[in-house]
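Chain residues, written in single-letter form:
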Amino acid sequence: MSTSTVGISALGVHFPSAALPLAELGALRGVDPNKYLSGLGCHEMALCPAGTDVVTLAVEAARRALASWSGSMGDIGLIVVGTETAKDMSRPLSAWVAEELGLSGAVRSYEVKHACYGGTLALRQAVEWQLSGAARGKSALVIAADVALYAPEDSGEPTQGAGAVAMIVGTPDVAAVDVASFPFSQPAFDFWRPVGQAFPSVEGQLSLDCYKLAAASCFADYVAYEQAESTAKQTPSPAEVLNELERVCFHVPFPKMVKKAVAEVGERLGLDEATTAGFYESKVVPTMRINQRVGNCYTASLWISVASALAGMKPGTRVGAFSYGSGFGGELLTLSAGPKAAEGAWMTAAERDLNEREMLDAAAYAALRAAHLKG
Ligand code: HMG
């Protein structure tokens, strides 16, 4: 097990002020709502009303992280936004966010793109920037933010969502991020959005296979690493290695995807079905409570799950975080809760966002989409 002196110092999570219950979408599209509720595992999707976009989401998440942090704006030496809701082919989304925050000067500012994996890559770069010594005592502001929309009636429509997570990367007050991580990539066209195309193109079933392959490969690499590092008399079994993690978070395009991926991981590691099912129910299901209420928030999806899992944890408790982005690439990270995790302060504003949302009905959703399509 690797240990790290670098990690997440503060967190901010933000959701837009509108949402659609999936039963309403079922009524609008003439689909049995059980397909969405139990077939995919989605309950509600977060939606942006007029005036809210990826920048407003990212800025509010960043403000929340900064407000709960002991440092000041002058202590930020890097701002990086992972997103696939880019506003421009050249100007990075970080420039819009930095402008709103009043952040400029000796600050590196850029955007990272790799579908839903972009936020995790941004976090890894910030962690590795810290570990390399290049940070020179400064901290990084990392933001994962997206507005996920498919073409109306696309099979991906029930999985839409929107949200942002901001993380200040420096001292590991909320969580330490382990130095070793476990990536896997393979070029594919499973989900993509060519320049100028409003909504993504998706090879739905292929995307499921790519996600499962990435997850199984990353977990197999992790287990082999932990077994090789172990100083115990007897090499720990794969189940024992996984058991060291109190919670295991995943990128959540929809909860059923995660269940299928866990089954694939169990099969690759040679776990019996009961062990895999127990792992899924006890360590994974509790991390998807919020994802079920906001839908796929692309880059933010995994970090919503991690933020929710860390809240209330005792220092030293270990968490796994599997990121997936179409195209495709995945990476498994491991974290340990820090002294500020138990308080879980970032969840207060996030829960308020969720509880105060306006719940749209089918007609209001159709009107919102029509207005969006008109531009
Ligand atoms: P679909 O093809 O319409 O759905 O869309 P389906 O026919 O496969 O049915 C889904 C499930 O509902 C099935 O369960 C059905 O049996 C069940 P399963 O057999 O798989 O366990 N079902 C019902 N259950 C109860 N009552 C009913 C009923 N009817 C059916 N009446 C698809 C599914 C995933 C293709 C679609 O949602 C889609 O295209 N989504 C977008 C792509 C996606 O999310 N892929 C996930 C992996 S890729 C990824 O995560 C990356 C991504 O986030 C993008 C990025 O990286 O930027 C997407």
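Here goes a summary of the coordinates provided. (Residues numbered from 1 in each chain as written. Predicted model: local features only at pLDDT ≥ 70, side-chain atom pairs only at ≥ 80, totals over all residues. Heavy atoms only, no water.)

Considerations on the overall build of the protein chain
To keep things clear, this is the line we draw: Counting from the N terminus, the helices are the DSSP runs of H or I reaching at least four residues and the strands are the DSSP runs of E reaching at least two. Working definition: with a 1.4 Å probe on protein chains only, accessible area under 20% of the residue-type maximum means buried, over 50% means exposed, and in between means partly exposed. Every residue pair with non-hydrogen atoms within 4.5 Å of one another is taken to be in contact. Surface exposure here means Shrake-Rupley accessible area, sampled with a 1.4 Å probe, where a residue is shielded only by the protein chains that are shown.
Each helix and strand counted, the protein chain has 13 helices and 15 strands in total. Expressed along its principal axes, the backbone C-alpha trace of the protein chain runs to roughly 65 × 55 × 40 Å. Residues counted as buried form 55% of the 375 residues belonging to the protein chain. In the protein chain, 78% of the contacts between residues at least 6 apart in sequence involve partners at least 24 apart. If you sum the accessible surface of the protein chain, you get close to 15,200 Å²; carbon and sulfur atoms cover 51% of it.

Looking at helix 11 (residues 299–310)
The buried fraction of helix 11 is high, at 12 of 12 residues. Among all positions of helix 11, only Thr-299, Ala-300, Ser-301, Leu-302, Trp-303, Ile-304, Ser-305, Val-306, Ala-307, Ser-308, Ala-309 and Leu-310 are buried.

Some thoughts on the packing of aromatic side chains
Convention followed: Each aromatic pair joins two rings of Phe, Tyr and Trp (for Trp, the six-membered one) with centres within 6.5 Å, and gets the label stacked for planes under 30 degrees apart, edge-to-face for over 60, and tilted for any other angle. In our convention, an over-ring charge means Lys NZ or Arg CZ found within 6 Å of a ring centre and within 35 degrees of that ring's normal.
Applying the stated rule across the entire model yields 12 aromatic pairs. Taking 5.3 Å as the distance between ring centres and 65° as the angle between the ring planes, the aromatic pair formed by Phe-182 and Tyr-222 counts as edge-to-face. A residue pair is termed long-range when its members are at least 10 positions apart, and Phe-182 in strand 9 (residues 182–185) and Tyr-222 in helix 6 (residues 204–229) qualify at 40 residues. Here Phe-182 matches Tyr-222 in class, with each residue buried. Among the aromatic residues, those joined into a ring-pair cluster are Phe-184, Tyr-211, Phe-219, Phe-250, Phe-322, Tyr-324 and Phe-328. Residue placement shows Arg-91 over the ring face of Trp-96; its charged tip is 4.5 Å from the ring centre.

Comments concerning the site of the ligand
How we decide: A molecule or strand has a residue near it when one of that residue's heavy atoms lies within 4 Å. For this analysis, a polar contact is any N or O atom pair within 3.5 Å, provided that within protein one partner can donate a hydrogen and the other can accept it, and provided that sequence-adjacent residues contribute only side-chain to side-chain pairs.
The full set close to the ligand counts 30 residues, and Lys-35, Glu-84, Cys-116, Lys-256 and Lys-260 are the nearest of them. With respect to the ligand, the side chain of Asp-32 contributes an N or O atom lying 2.9 Å from a nitrogen atom. Contact between the ligand and Ser-326: an oxygen atom at 2.9 Å from a main-chain N or O atom of the residue. Protein contacts shield 74% of the accessible area of the ligand, which totals 1,100 Å² for the unbound molecule. Taken together, the elements giving at least two residues each to the shell around the ligand come down to helix 2 (33–40), helix 6, helix 8 (255–269) and strand 13 (318–325).

Side note on the pairing of strand 5 (residues 108–112)
Here is the rule: By this definition, two strands are paired if DSSP reports at least two bridges between them. With the strands pointing away from the viewer, any crossover whose connection runs clockwise from the first strand over the helix to the second is right-handed.
The sheet contact formed by strand 4 (residues 76–82) and strand 5 spans five bridges and is parallel. Counterpart to Val-81 in the pairing with strand 5 is Glu-111. Crossover handedness for the path strand 4 to helix 4 (residues 93–101) to strand 5: right-handed.

Here we look at the sheet that holds strand 15 (residues 358–359)
Filter applied, for reference: Axis lines are fitted to C-alpha atoms, over the contacting stretch for helices. Their N-to-C directions set the angle, which ranges from 0 to 180 degrees.
Pairing is mixed across the open sheet formed by three strands, whose spatial order is 3-2-15. Either end of the sheet is taken by a strand with one partner, and the two such strands are strand 3 (44–47) and strand 15. Its contacts with the sheet place helix 1 (residues 22–29) against strand 2 (18–21) and strand 3, and it is angled at close to 65° to strand 2.

Quick notes on the environment of Asp-88
Relative to the helices and strands, Asp-88 is located in the loop between strand 4 and helix 4. Within the structure, Asp-88 has its side chain in polar contact with the backbone nitrogen of Ser-90 (distance 2.5 Å). Polar contacts involving the side chain of Asp-88 include one to the main-chain amide nitrogen of Arg-91, which spans 2.8 Å.

What about the packing of helix 3 (residues 54–67) against helix 4?
As a reminder, the rule being used: For classification purposes, angles smaller than 35 degrees are called roughly parallel, those larger than 145 roughly antiparallel, those between 65 and 115 roughly perpendicular, and all remaining angles oblique. By convention, the crossing between two helices is left-handed when the near helix turns anticlockwise from the far helix through less than a right angle, and right-handed when the turn is clockwise. All residues other than Ala, Val, Leu, Ile, Met, Phe, Trp, Tyr, Cys, Pro, Asp, Glu, Lys and Arg, Gly among them, are scored as polar; the first ten of these are nonpolar and the last four charged.
The interhelical angle for the contact between helix 3 and helix 4, taken along N-to-C directions, is 55°, at an axis separation of 9 Å. By the criterion of interaxial angle, the relationship of helix 3 to helix 4 is oblique. When you trace helix 3 past helix 4, the crossing you get is right-handed. Between helix 3 and helix 4, the residues in contact are Val-54, Val-55, Ala-58, Val-59, Ala-62, Arg-63 and Leu-66 and Leu-93, Trp-96, Val-97, Glu-100 and Leu-101, respectively. Here the contact of helix 3 with helix 4 is composed, by residue class, of 10 nonpolar, no polar and two charged.

A few points about the side chain of Arg-318
One can find Arg-318 in strand 13. A distance of 3.1 Å separates the side chain of Arg-318 from the side chain of Ser-336, its partner in a polar contact.

Here we look at the pattern of salt bridges
Going by this rule: Salt bridges are defined as contacts in which a side-chain nitrogen from Lys or Arg sits within 4 Å of a carboxyl oxygen from Asp or Glu.
Counted according to the given criterion, the structure contains 14 salt bridges. In this structure, Arg-64 engages Asp-353 in a salt bridge whose closest nitrogen and oxygen atoms are separated by 2.8 Å. Of this pair, Arg-64 sits in helix 3 while Asp-353 sits in helix 12 (residues 346–355), and the two are 289 residues apart along the sequence. In this structure, Arg-64 and Asp-353 share a single accessibility class: buried. Its salt-bridge partner being Arg-318, residue Asp-178 comes within 3.1 Å of it at the nearest N-O pair. In this pair, Asp-178 sits in the loop between strand 8 (175–177) and strand 9 while Arg-318 sits in strand 13, placing the two residues 140 residues apart along the sequence. Judged by its relative accessible area of 1%, Asp-178 is buried. A residue is classified by how much of its surface remains accessible, and Arg-318, at 6% relative accessible area, is buried. Via salt bridges that share partners, Arg-29, Glu-157 and Arg-369 belong to a single interconnected network.

Quick word on unusual backbone geometry
Cis geometry marks the peptide bond from Gly-327 to Phe-328; its omega dihedral reads -10°. At Ala-115, a residue that is not glycine, the phi angle is positive and equals roughly 45°. Tracing the sequence through the fold places Ala-115 in the loop between strand 5 and helix 5 (118–132). Not every positive phi belongs to a glycine, and Glu-153 is a case in point at roughly 75°. For Glu-153, the position within the fold is in the loop between strand 6 (139–148) and strand 7 (161–170). Given a relative accessible area of 63%, Glu-153 falls into the exposed group.

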